[in-house]
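Working through the structure, step by step
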Amino acid sequence: MTADNTGGRLEDDDYPAYTMGRAAEMLGTTPAFLRALGEHRLITPLRSEGGHRRYSRYQLRIAARARELVDQGTAVEAACRIIVLEDQLEEAQRINAEYRRATEATGPPTAA
């Protein structure tokens, strides 16, 4: 892979650009912490051809949020569940806002 092929990908939040060691270093944590997040299915790193875990910037943001919760005394498993629930809430709020906008534009649905 040449530099020309990777340049655009490095700007992609979902491109798995970081090794486990580099990701742990950037987050100020250990590889074991990242493995624990994977075991609890909060993030699933992609694998290189050699089988090494690779993380995207998006995954690092999620891991950083988990680390914040753990640093505040939350157990890893609970932190993972909290983050999943926060994401579900955010998605539900987005859907509700879209529904409200559509209802305001067209009026409420009528019964048949």
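The structure reproduced in this document is the subject of the present report. The shown structure was predicted, so the numbers you read here are calculated from the model rather than taken from an experiment.

**Description of the overall build of the chain**
Across its full length, the chain carries five helices and three strands. For the chain, the N- to C-terminal ordering of α and β elements is α-β-α-α-β-β-α-α. In the chain, which comprises 112 residues, the share counted as buried stands at 23%. Partitioning the contacts of the chain with sequence separation of at least 6, the portion at a separation of at least 24 is 56%. A total accessible area of about 7900 Å² is found for the chain, and carbon and sulfur atoms account for 51% of it.

**Remarks on the sheet that holds strand 2 (residues 46–47)**
Pairing between the strands of a sheet comes from backbone hydrogen bonds, and it takes one of two forms, parallel or antiparallel. The strand order across the open sheet built from three strands is 1-3-2, with neighbouring strands paired in antiparallel fashion. The sheet is open, and its two edges are formed by strand 1 (18–19) and strand 2, each paired on a single side. Sheet topology places strand 1 next to strand 3 (residues 53–55); two bridges connect them, and they run antiparallel. Looking across to strand 3, one finds that Thr19 is bridged to Arg54.

So, how was this worked out
Residues numbered from 1 in each chain as written. Predicted model: local features only at pLDDT ≥ 70, side-chain atom pairs only at ≥ 80, totals over all residues. Heavy atoms only, no water. Helix = DSSP H or I, 4+ residues; strand = E, 2+ residues; numbered from the N terminus. Buried < 20%, exposed > 50% of the residue type's maximum accessible area, 1.4 Å probe, protein only. Contact = heavy atoms within 4.5 Å. Areas by Shrake-Rupley, 256 points an atom, 1.4 Å probe, with all protein chains shown as cover. Pairing = 2+ DSSP bridges.

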